[in-house]
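For reference, the chains in residue letters:
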Amino acid sequence: MYAATISDEFAGFITIADTGLHTLQGPQGQSIGDYGTLDEAQEALSEALFPVEHDQSDVAAARPRRRRTGRRAAADARTAG
């Protein structure tokens with residue numbers, strides 16, 4: 001059995017069956033899943049405790065952009081002469 005802590009607080013545990021299956025349980029004992037390796041179980045615990053929100057580049061790409069109105073070009077023309 002492996003116990004996980006975050007800032008000295010209990011975060012969950014992983015048990016390993018005779019078959020090599022790694023069973024992950026969260027801080028309240030809730031079942032999170034079964035994994036083939038310890039690394040996979042640790043990664044799943046991290047994702048369960050700290051879910052990743054959207055990739056901000058996806059949000060920026062989906063956001064419509066305003067069209068430029070050309071006001072800057074007109075202002076440059078007035079000061080150039």
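Each remark here, short or long, concerns the structure printed above.
Quick caveat: nothing in here was measured; it's all calculated off a predicted structure. (Residues numbered from 1 in each chain as written. Predicted model: local features only at pLDDT ≥ 70, side-chain atom pairs only at ≥ 80, totals over all residues. Heavy atoms only, no water.)

Undergrad: I'd love a proper account of the environment of Thr-5, names of residues and values included.
TA: Checked against the element boundaries, Thr-5 lands in strand β1 (residues 2-6). A sequence separation of 22 residues divides Thr-5 from Pro-27, and the C-alpha atoms of the two residues are 9.2 Å apart. Excluding anything up to four places from it in sequence, Thr-5 contacts Phe-10 and Ala-11. (Helix = DSSP H or I, 4+ residues; strand = E, 2+ residues; numbered from the N terminus. Contact = heavy atoms within 4.5 Å.)

Undergrad: I'd like a rundown of the pairing of strand β2 (residues 9-16), residues and numbers included.
TA: Pairing between β1 and β2: 5 bridges, direction antiparallel. Bridged to Ala-4 within β2 is Gly-12. The antiparallel pairing of β1 with β2 creates a hairpin that spans 2 residues between the two strands, and Ser-7 there sits at a positive phi of about 50°. Pairing of β2 with strand β3 (residues 22-25), which is carried by 4 bridges, proceeds in the antiparallel orientation. Bridge pairing in β3 links Ile-16 to His-22. Linking β2 back to β3 in an antiparallel pair, the connection comprises 5 residues, with Gly-20 at a positive phi of about 95°. (Pairing = 2+ DSSP bridges.)

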